[in-house]
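# Chain and residue survey
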Amino acid sequence: MFQFLYALLSLVSWGTESIFDKKSLEKLNPCNALSVRYFFVAVWLIITVILFSQLKFPSQELIPYLLFTDLIGAASIIFFFKAIKETSISLGLAIAKNYFLVTIATSIVLFNETLSLIQIVAVLLILCAVFLLSFEKKEKKLVLGKGTVFALLTLFGWGAYFALIKPIVLELGALNASLYNESIIFLMILFYSIITKKELKLKENKSNAFAFAASILLVIGSVSYNYSIILIGASLTAIAVAPTPIITSVLARFFLKEKLSRIKYFAIIVSVIGLILLFL
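Thresholds, definitions, all that
- Residues numbered from 1 in each chain as written.
- Predicted model: local features only at pLDDT ≥ 70, side-chain atom pairs only at ≥ 80, totals over all residues.
- Heavy atoms only, no water.
- 1 Å grid on protein atoms, 1.4 Å probe; cavity = no way out; pocket = protein on both sides within 12 Å on 5 of 7 lines; lining within 4 Å.
- Points joined across faces, edges and corners; volume = space filled by probe spheres on them.
- Helix = DSSP H or I, 4+ residues; strand = E, 2+ residues; numbered from the N terminus.
- Nonpolar A, V, L, I, M, F, W, Y, C, P; charged D, E, K, R; others polar.
- Phe/Tyr/Trp six-rings, centres within 6.5 Å; stacked < 30°, edge-to-face > 60°.
- Buried < 20%, exposed > 50% of the residue type's maximum accessible area, 1.4 Å probe, protein only.
- Contact = heavy atoms within 4.5 Å.
- Salt bridge = Lys/Arg side-chain N within 4 Å of Asp/Glu carboxyl O.

Bringing empty space enclosed by the protein into the picture now. All told, the structure shown has one cavity of 30 Å³ or more when counted by the stated rule. V41, L45, S178, E182, L218, V219 and S222 are the residues that line the largest cavity. When residues of the lining of the largest cavity are traced back to their parent elements, those giving at least two are α2 (30–52), α9 (174–195) and α10 (205–232). Split by residue class, the lining of the largest cavity holds four nonpolar, two polar and one charged.

Structure (structure tokens):
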């Protein structure tokens with residue numbers, strides 16, 4: 001049982017983190033909340049690398065690839081925060097967390113990976129869930145829900161990002177890869193905020209405190225996830241963390257007073273089942 005504790009810690013941390021992300025957006029624009037969040041994430045990761053690893057520098061050949069990958073990562077998280085700014089965190093996260101679909105497609109194309117029969121069934125379940133989550137019925141027509149477009153863009157962006165980071169992790173290791181990726185993403189978001197003249201409200205203490213709390217939970221979840229992979233493997237860890245959208249939905253119902261339709265909750269459950277089957 002002990003070997004699963006890191007996976008469970010990651011599940012709880014990531015499931016709770018999104019609640020604080022949503023709260024930080026009450027008075028901050030997405031770029032403002034992300035700038036605060038990623039600044040502290042970079043600080044926590046620097047401390048983590050110093051305590052538990054040794055700093056490595058990327059090779060010259062890796063740097064352009066690293067920057068391209070992190071550009072996709074920065075765009076994706078901006079899309080995600082725009083999505084949850086416009087819609088509920090339960091819905092936005094439930095859609096975006098299905099990014100494994102794109103990761104799988106990218107891995108098949110770039111790394112010649114294949115799918116088993118049960119994984120094909122999982123993909124079909126996830127596709128059905130994404131459809132149910134994304135569309136709403138209005139005046140006898142199916143239309144994309146509010147914020148759904150940004151959530152779908154996040155799905156595609158995260159899918160590509162998490163497929164592309166594989167060579168980065170292989171060269172730098174888990175902790176150093178996280179440090180470089182998150183730090184570069186922070187700088188890219190900050191640069192985007194400056195050139196687009198997004199207002200940075202540093203005196204919104206309560207909202208910034210929520211972003212600060214989210215950064216702590218994000219790092220705890222990420223580090224726990226990496227240690228869980230070492231103890232029980234990548235597949236079992238992914239299965240254990242798959243119910244993250246359910247944790248977030250339950251917490252959002254109590255703390256944010258968010259309420260989705262029954263079909264949306266059903267779609268979230270189907271999505272989680274699909275994700276679990278994907279890693280069996």
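Before going further, it helps to examine the packing of aromatic side chains. Where two aromatic rings form a pair, the distance of their centres and the angle of their planes describe that pair. Within the structure shown, the criterion is met by ten aromatic pairs. Ring geometry for F39 versus F40: centroids 5.2 Å apart, planes at 75°, classification edge-to-face. Between F80 and W158, the ring centres sit 5.1 Å apart and the planes meet at 40°, which makes this aromatic pair tilted. Residue F80 is found in helix α3 (residues 62–86), and its partner W158 is found in helix α7 (residues 148–164); the two are separated by 78 residues along the sequence. Here F80 and W158 have matching classes, each one buried. Members of the aromatic cluster, each reached through a chain of ring pairs, are F39, F40, W44, F186 and F212.

Attention now moves to the side chain of S90. One can find S90 in helix α4 (residues 89–96). Classification of S90 by relative accessible area gives buried; the value is 1%. Setting aside residues up to four positions removed in sequence, S90 forms contacts with T248, S249, A252, E258, L260 and I268.

Applying the stated rule across the entire model yields three salt bridges. A salt bridge links E17 to R37, with the nearest nitrogen and oxygen atoms 2.2 Å apart. Pair noted here: E17 is in helix α1 (residues 5–24) and R37 is in helix α2, with a separation of 20 residues, a long-range link. For R37, a relative accessible area of 4% corresponds to the buried category. Note that D21 is salt-bridged to R37, the shortest N-O span being 3.2 Å. Taken together, the residues D21 in helix α1 and R37 in helix α2 connect sequence positions 16 residues apart.

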